[in-house]
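An overview of the molecular structure
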Amino acid sequence: MRGVFIDANDSLAEIFERQRQAGDPPVRVHLNPNITPEQWPEILDGAEIGIVDHTALPTDVARQCKGLKHVVFLGTGARSYMNPEELAELGITVHLIKGYGDTAVAEAAIALMWASARGLAQMDREMRAGNWLRDDGMQLTGKTLGLIGFGGIAAEVARIASGSGMKVIAWNRTPKSHQGVTFVNLDELLATSHVVSLHLLLNDETRGFLSRERIAQMRPGVILVNTARGAVVDEAAMIEALRSGHIRHAGLDVFNIEPLPNDHVLTTIPNVTLSAHSAFRTPEASENLIHAAWEHCRRVALG
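Let me begin by describing the structure that accompanies this report. (Residues numbered from 1 in each chain as written. Predicted model: local features only at pLDDT ≥ 70, side-chain atom pairs only at ≥ 80, totals over all residues. Heavy atoms only, no water.)

1. Structural notes on the sheet that holds strand E2 (residues 27-31)
Strand order in the open sheet made by the five strands is E2-E1-E3-E4-E5, with parallel pairing throughout. Because the sheet does not close on itself, it has two edges, and the strands there are E2 and strand E5 (93-95). The average undirected angle you get between the axes of adjacent strands in this sheet is 20°. As judged from the four bridges shared by strand E3 (residues 49-52) and strand E4 (residues 70-73), these two strands associate in the parallel manner. Its bridge partner lying in E4, Val-52 is registered against Phe-73. (Pairing = 2+ DSSP bridges. Helix = DSSP H or I, 4+ residues; strand = E, 2+ residues; numbered from the N terminus. Axes fitted to C-alpha atoms, helices over the stretch in contact; angles between N-to-C directions.)

2. Focus on the packing of aromatic side chains
Tallying each qualifying case throughout the model produces five aromatic pairs. Ring centres of Phe-73 and Tyr-81 lie 5.3 Å apart, and the angle between their planes is 40°; on these two criteria the pair is classed as tilted. A single burial state applies to Phe-73 and to Tyr-81, both of which are buried. What links up through ring pairs into an aromatic cluster is the set Phe-5, Phe-16 and Trp-294. (Phe/Tyr/Trp six-rings, centres within 6.5 Å; stacked < 30°, edge-to-face > 60°. Buried < 20%, exposed > 50% of the residue type's maximum accessible area, 1.4 Å probe, protein only.)

3. Considerations on unusual backbone geometry
The linkage connecting Glu-258 with the following residue, Pro-259, adopts the cis geometry, with an omega of -5°. Checked against the element boundaries, Pro-259 lands in the loop between strand E11 (247-252) and strand E12 (272-274). Located in the positive-phi region is His-277, a residue other than glycine, with phi close to 40°. Residue His-277 is classed as buried on the basis of its relative accessible area of 16%.

4. Here's the deal with the packing of helix H5 (residues 102-118) against helix H7 (residues 152-163)
Close contact between H5 and H7 brings their axes to 8 Å; oriented N to C, the two are set at 50°. Of the possible angle classes, the one that applies to H5 and H7 is oblique. The chirality of how H5 crosses H7 is right-handed. In contact with Asp-102, Thr-103, Val-105, Ala-106, Glu-107, Ala-109 and Ile-110 of H5, H7 contributes Gly-152, Ile-153, Glu-156, Val-157, Ile-160 and Ala-161. Looking at the contact of H5 with H7, its residues break down into eight nonpolar, two polar and three charged. (Parallel < 35°, antiparallel > 145°, perpendicular 65-115°, else oblique. Left-handed = near helix turned anticlockwise from the far one by under 90°. Contact = heavy atoms within 4.5 Å. Nonpolar A, V, L, I, M, F, W, Y, C, P; charged D, E, K, R; others polar.)

These values are about where atoms sit, not about what they do.
See the structure below:
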């Protein structure tokens, strides 16, 4: 059994080769992060395992990948790039990697929260343009942070926010408990949180989860942070709420369309801080990610 890392960038390729061990299944690294989905069959060349960072695998393309039995997706959001159920019908199993970047993403969410509260990105833009913009920020000590979805990332966010003097509440689809976090119903979280941070996996149940109606339920002047997936939010309703001031500021690392087009409306709204889906990108997280990918390959090769 052999594999191909089909869309490796320089840094991930270096880590991948460094972690290779004697006795590992043969996995070729294709060093090009900018391939198109249509190139999957050619690059795989009959390999049974495909390791993928961010390239989509449409089901009709997967049908052309003769021999492909396993896709190791470098992350948890495979549904944004492929349909695991349809691939399963073709005999292709999609393997996810969880937990590798919990701390990295949590720290990015906290950074977006603080930048949003103080308008740092907007002040930076204005000062570079020669304007001395000064505005009142939101002091976060004593404020309530509401976490929608509670897994490893949210637990790390809770740890950091609690240490900074915030009250942390959370809602999760299944009952949970966590030290220092009060679990409440969704209506209460939306109505009382000064900051709402999203931590939901994207699936059919969560697509559009933060709907127009739920945005209207949110506390006026709320800060919204999204390091999960863009599609869990009704983007049009969020934009309207930002323009009206119902949402004071949004810190966004994820979008419906990625990369975000240069002319996208979100780039024109002043009370938005944007980052390029990079919350998970730290050297420590990358080491964890590639280690887990190799473990998937080893386990699959052993049957």
